[in-house]
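Topology and contacts: notes
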Amino acid sequence: MQDFRPPACGRLHSTPICSRAAYRRNGPKSIRFFSYAPAEALHVSCEERRILTSCFDDLRRELRHGADRYTRAILTRHIIRLLDYTTRFYERQFITRNTANEALVWEYEAFADRYLTDGKWAIRGPLTAARCAERLRLSEAYFEDLLEQELGHTHHCHMQLRRIEIAKRKLRLSQEPLCQIVRELGFPSVQYFGFLFKKMTGLSPGEYKRIN
């Protein structure tokens, strides 16, 4: 495996055509890997390098062709093809780095749980993705993609799930007033917490406490 340095095609990812192609392909997050840190670069096999080089050759060839009414459509298709291959190879890389990624996710989950159980959310404010990424020495973009690959959801979703799980534990095992639990876990109000809790568990906090 080796780093892939694309042939010069200008700053392709910052062009309007590339942005539109990326959005058409998979919505606004589809080119998040352009924000990865250099240490998180894509490592490719010889075959993958050949494929990516071919994609750039096609783009270069079209860029050198005189502009006509087909140019934008052809460039868009070439860029979508390049993004599809790049995403495929990044997903393969996440899989081959599974052991290292599991360790990072374990460290993240332990850090997030300590932050919540120690009541730091109420004191210091929300635990952001940027702060977690810094803790793990990752770029925020790579961190979010790592969570989606390993856990199947984003940092924001994970924090919601963990806060509800910790609230359930407190309701079962402690005599803390509901308003204190809500404050410690950083929910904006008892009403909002009750709405979210019932949405995720099917029970109100009071009902959950009574049957547990």
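Read on for a plain summary of the structure. (Residues numbered from 1 in each chain as written. Predicted model: local features only at pLDDT ≥ 70, side-chain atom pairs only at ≥ 80, totals over all residues. Heavy atoms only, no water.)

On to the packing of helix α2 (residues 46–64) against helix α3 (residues 71–96), then. Viewed as axis vectors pointing N to C, α2 and α3 meet at an angle of 165°, and their least axial separation amounts to 10 Å. One element, α2, and the other, α3, form an angle in the roughly antiparallel class. Pair α2 / α3 crosses with left-handed handedness. Across from Glu48, Ile51, Leu52, Ser54, Cys55, Phe56, Asp58, Leu59, Glu62 and Leu63 in α2, the residues of α3 making contact are Thr71, Ile74, Leu75, His78, Ile79, Arg81, Leu82, Tyr85, Thr86, Phe89 and Arg92. Here the contact of α2 with α3 is built from residues that sort into 12 nonpolar, 4 polar and 5 charged. (Axes fitted to C-alpha atoms, helices over the stretch in contact; angles between N-to-C directions. Helix = DSSP H or I, 4+ residues; strand = E, 2+ residues; numbered from the N terminus. Parallel < 35°, antiparallel > 145°, perpendicular 65-115°, else oblique. Left-handed = near helix turned anticlockwise from the far one by under 90°. Contact = heavy atoms within 4.5 Å. Nonpolar A, V, L, I, M, F, W, Y, C, P; charged D, E, K, R; others polar.)

With that out of the way, let us pick up helix α10 (residues 190–201). Every α-helical turn comprises 3.6 residues, leaving residues that sit three or four positions apart pointing alike. A rise of 1.5 Å per residue sets the reference length of α10, with its 12 residues, at 16 Å; its end C-alpha atoms lie 16 Å apart and thus fit the reference within 8%. Taken together, the buried positions of α10 are occupied by Phe193, Gly194, Leu196 and Phe197. If you follow the buried residues of α10, they end up packed against α8 (155–173), α9 (178–184) and α11 (205–211). Positive backbone phi, approximately 85°, marks Gly202, located one or two places after α10. (Expected span 1.5 Å × (residues − 1). Buried < 20%, exposed > 50% of the residue type's maximum accessible area, 1.4 Å probe, protein only.)

All right, on to the packing of aromatic side chains then. Evaluation of the coordinates by the stated rule reveals 9 aromatic pairs. Judged by centre distance (5.1 Å) and plane angle (85°), the ring pair of Tyr36 and Tyr90 falls under edge-to-face. Pair noted here: Tyr36 is in the loop between α1 (16–26) and β2 (43–44) and Tyr90 is in helix α3, with a separation of 54 residues, a long-range link. For Tyr36, a relative accessible area of 10% translates into the label buried. Pairwise contacts between aromatic rings join Tyr36, Tyr90, Phe94 and Tyr142 into one cluster. (Phe/Tyr/Trp six-rings, centres within 6.5 Å; stacked < 30°, edge-to-face > 60°.)

Right, let's talk about the pattern of salt bridges for a bit. Overall, the coordinates contain 9 salt bridges when judged by the stated rule. The salt bridge partner of Arg162 is Asp113, with a shortest N-O separation of 2.9 Å. Of the two residues, Arg162 sits in helix α8 while Asp113 sits in helix α4 (residues 98–117), which places them 49 residues apart along the sequence. For Glu176, the salt bridge goes to Lys170, with nearest N and O atoms at 3.0 Å. (Salt bridge = Lys/Arg side-chain N within 4 Å of Asp/Glu carboxyl O.)

Below, the discussion takes up the nonpolar core. Ranked by size, the top nonpolar core spans 48 residues in total, and within it Tyr108, Leu127 and Phe143 carry the most contacts. Of all elements in the fold, only α2, α3, α4, α6 (129–135), α7 (140–150), α8, α9 and α10 reach the threshold of two or more residues within this core. Residues in contact with Tyr108, not counting those within four places in the same chain, are Cys132, Leu136, Phe143, Leu147, Leu151, His155, His158 and Met159. (Core = buried A, V, L, I, M, F, W, Y, C linked by side-chain atoms within 4.5 Å.)

Before going further, it helps to examine unusual backbone geometry. With a phi close to 60°, Arg137 is a non-glycine residue in the positive phi region. Along the chain, Arg137 falls in the loop between α6 and α7. A relative accessible area of 64% means that Arg137 is categorised as exposed.

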